Amino acid sequence: MNLLPTITTTDVQEQEPRVAILPIGSYEQHGAHLPLVTDTAIACIIAREIAAAYPVLQLPPVSIACSHEHGTWPGTVSISARTLHAVVNDIAASLEASGVRKLVLVNAHGGNYVLSNIVQEANLTGPRMSLFPQGREWNRARESAGLVSDAHGDMHAGEIETSILLHAEPTLVRSGYKEADHDGGERPFLLMHGMKAYTDTGVIGFPSYATADKGKAVLAALVEDFAAHLEALGEA
């Protein structure tokens, strides 16, 4: 598994990047078939694919974030939204000091709601920061890859996450995913009661539908859609 960038300071000098990409994941339960590091791995995989296609600076990930809805499962670790806000802003300030003024947050955990606020604040005086992928890009990737499930039903440890890992890092997927489907139904009080109110296994989704080919197609669609974010930042 090679999810961390291994470039040197000389490489960065030669590249002279104008945009950095920061993978942000989580460290939380993903049922019995996917590891706690799933969201971080997926964020790194997406960032790795983007860095191979565009002249951007790939950063190492923020691997522990806002996973409070999973907090009662063994292994899950969270930081507060305030802390994540501070970490991202500190990273952006450090990048700017070295001449990289544009930053894209590559987020793979839906519970990191505060990232939207961070991006909104960062762009007050002009385009400086973007959040990727957004819902429209995830939906287009699902459609492009021919996924069976939708984003609501396949919320966690399901078809899309398992497919991405089956393609990009198959050693992270354990046996049993084909029997792990769970329909969590409507979840009106998820923020109040957490995941435990809607699943006993930690899964809300349909990993039985997952294939490596779907994961490859999802990533290809996301890489294609990333171009629009560079354009919006004035770096097309």
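Above: the structure in question.
Scoring rules and cut-offs
- Residues numbered from 1 in each chain as written.
- Predicted model: local features only at pLDDT ≥ 70, side-chain atom pairs only at ≥ 80, totals over all residues.
- Heavy atoms only, no water.
- Buried < 20%, exposed > 50% of the residue type's maximum accessible area, 1.4 Å probe, protein only.
- Helix = DSSP H or I, 4+ residues; strand = E, 2+ residues; numbered from the N terminus.
- Contact = heavy atoms within 4.5 Å.
- 1 Å grid on protein atoms, 1.4 Å probe; cavity = no way out; pocket = protein on both sides within 12 Å on 5 of 7 lines; lining within 4 Å.
- Points joined across faces, edges and corners; volume = space filled by probe spheres on them.
- Pairing = 2+ DSSP bridges.
- Axes fitted to C-alpha atoms, helices over the stretch in contact; angles between N-to-C directions.

Overview of helix α6 (residues 159-168)
Phase 1 of the analysis: Where burial is concerned, most of α6 is hidden: nine out of the 10 residues are buried.
Phase 2 of the analysis: The set of residues buried in α6 consists of E159, I160, E161, T162, S163, I164, L165, L166 and A168.

Remarks on the environment of V104
Phase 1 of the analysis: Checked against the element boundaries, V104 lands in strand β3 (residues 102-107).
Phase 2 of the analysis: Measuring from C-alpha to C-alpha, the distance between V104 and A221 comes to 17 Å, with 117 residues separating the pair along the chain.
Phase 3 of the analysis: If near-sequence neighbours (up to four positions away) are discounted, V104 is found in contact with V19, A20, I21, L22, S130, F132, F226 and L233.

Observations regarding the environment of T201
Phase 1 of the analysis: As for its position among the elements, T201 is in the loop between α7 (190-193) and α8 (212-232).
Phase 2 of the analysis: What T201 contacts, discounting residues up to four positions off in sequence, is Q29, G31 and W73.

Topic: the layout of surface pockets
Phase 1 of the analysis: Here the largest pocket defines a volume of roughly 730 Å³.
Phase 2 of the analysis: The wall of the largest pocket is formed by 29 residues, among which A108, H109, G110, W138 and M155 lie closest to the centre.
Phase 3 of the analysis: Those elements that provide at least two residues to the lining of the largest pocket are α2 (38-53), α4 (114-122), α5 (135-145) and α6.
Phase 4 of the analysis: For the lining of the largest pocket, the element with the highest residue contribution is α5, accounting for four residues.

Regarding the sheet that holds β3
Phase 1 of the analysis: On the basis of which strands lie adjacent, the open sheet formed by four strands has the order β2-β1-β3-β4 and parallel pairing. Only two strands of the sheet have a single neighbouring strand rather than two, namely β2 (57-58) and β4 (129-132).
Phase 2 of the analysis: Pairing of strand β1 (residues 19-24) with β3 involves six bridges; the strand directions are parallel. Paired with A20 across the two strands is L103, which belongs to β3.
Phase 3 of the analysis: Packing against the sheet, α8 makes contact with β1, β3 and β4, and its axis sits at approximately 160 degrees to β4.

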